[in-house]
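# Geometric and topological summary
Below, each chain spelled out in residue letters.
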Amino acid sequence: MLKIAFVVLLICSWNVFACTKTLIVGTNERNWPPYVIAVNDKLTGVEIDVVNTIFSGSSFCLKFMLLPTSTRAFEELKEGRLDVIFAASITPDRQSYAYFSDTYRDEIMRVYKYSNSPDITNLNDIFYRDLTLAIGRGGYYGPAFAHFKQNHPAHVIMMPTADKRFAMLNKNRVDYAIEDEVAAQYFINQYPAIEAVTNMAAINKSSIHLMLSKKTISQIELQAINELIKQNKSAIQAIYPHY
């Protein structure tokens with residue numbers, strides 16, 4: 001009861017007090033439209049709009065930081081030098097050092113191919129045909145893909161960012177790539193030689209969360225952030241319909 005009362009007090013105080021805590025929000029993506037676009041190291045995009053919307057009017061201020069890889073971002077969060085990573089899926093390993101907020105959107109991951117690459121119906125076709133699949137380093141693509149990656153690591157090419165994966169796919173230096181279907185549509189529009197693999201179901205469907213460092217975010221602050229997501233749900237949902 002005391003914790004609930006404190007969270008209510010914290011929320012009600014946002015309009016009275018100025019910023020009381022600055023959260024360092026990290027990403028390694030520089031060209032992941034429509035979610036993240038970096039121009040002269042200034043971040044814009046749908047996910048940036050959503051994060052700003054979640055914390056709008058709160059006692060939390062935000063400072064965005066670009067990191068070279070997602071692996072580095074996770075390490076910085078683990079050590080408490082980063083407070084927040086957005087667009088995160090829950091995994092047991094991540095839960096060992098991070099809290100996860102309530103969900104604020106869903107994500108669907110699909111396989112995309114270079115136009116001349118063979119049609120496939122499942123991940124094992126990539127192994128049997130001796131083909132290659134590009135993924136994001138540190139990304140989560142569900143249990144079925146984790147099993148495939150463990151058994152056939154030579155066929156999985158890990159790359160740091162979405163734009164690099166699709167550039168490689170467009171040059172046919174890899175045969176396939178996995179990507180969020182909303183972001184993938186932007187790269188398909190840019191690269192006519194890339195198309196969706198239509199004979200396969202989605203690789204993974206999951207809820208998306210804010211990932212929060214256990215070293216810098218308290219349980220009470222986690223509750224307050226979840227309340228912010230709840231309060232701003234309509235505004236968050238209004239950002240996504242165009243995509």
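### Overview of the sheet that holds strand β2 (residues 31-32)
Strands pair in a sheet through their backbones, by hydrogen bonds, and they do so in one of two ways: parallel or antiparallel. Pairing is antiparallel in the open sheet, where three strands are placed in the order β2-β3-β4. Sheet topology places β2 and β4 (42-44) at the edges, where each strand pairs with a single neighbour. Sheet topology note: the strand β3 (residues 36-39)/β4 ladder contains three bridges and is antiparallel. In the strand pairing of β4, Ala38 is matched with Leu43.

### Quick notes on empty space enclosed by the protein
With the rule as written, the count across this model stands at one cavity of 30 Å³ or more. Approximately 430 Å³ is the volume found for the largest cavity. Within the residue set of the lining of the largest cavity, elements represented by two or more residues are β1 (21-27), α3 (70-78), β6 (84-88) and β8 (105-114). Among the elements that line the lining of the largest cavity, the one with the most residues is β6, at four residues. Across the lining of the largest cavity, the residue classes tally to 11 nonpolar, eight polar and six charged.

### Considerations on the nonpolar core
Ranked by size, the top nonpolar core spans 44 residues in total, and within it Phe55 and Leu210 carry the most contacts. Counting 17 residues, the second-largest nonpolar core is a separate cluster that includes Val111, Tyr141, Val156 and Ile178.

About the cut-offs
- Residues numbered from 1 in each chain as written.
- Predicted model: local features only at pLDDT ≥ 70, side-chain atom pairs only at ≥ 80, totals over all residues.
- Heavy atoms only, no water.
- Pairing = 2+ DSSP bridges.
- Helix = DSSP H or I, 4+ residues; strand = E, 2+ residues; numbered from the N terminus.
- 1 Å grid on protein atoms, 1.4 Å probe; cavity = no way out; pocket = protein on both sides within 12 Å on 5 of 7 lines; lining within 4 Å.
- Points joined across faces, edges and corners; volume = space filled by probe spheres on them.
- Nonpolar A, V, L, I, M, F, W, Y, C, P; charged D, E, K, R; others polar.
- Core = buried A, V, L, I, M, F, W, Y, C linked by side-chain atoms within 4.5 Å.
- Buried < 20%, exposed > 50% of the residue type's maximum accessible area, 1.4 Å probe, protein only.

Distances and angles like these do not, on their own, reveal function.
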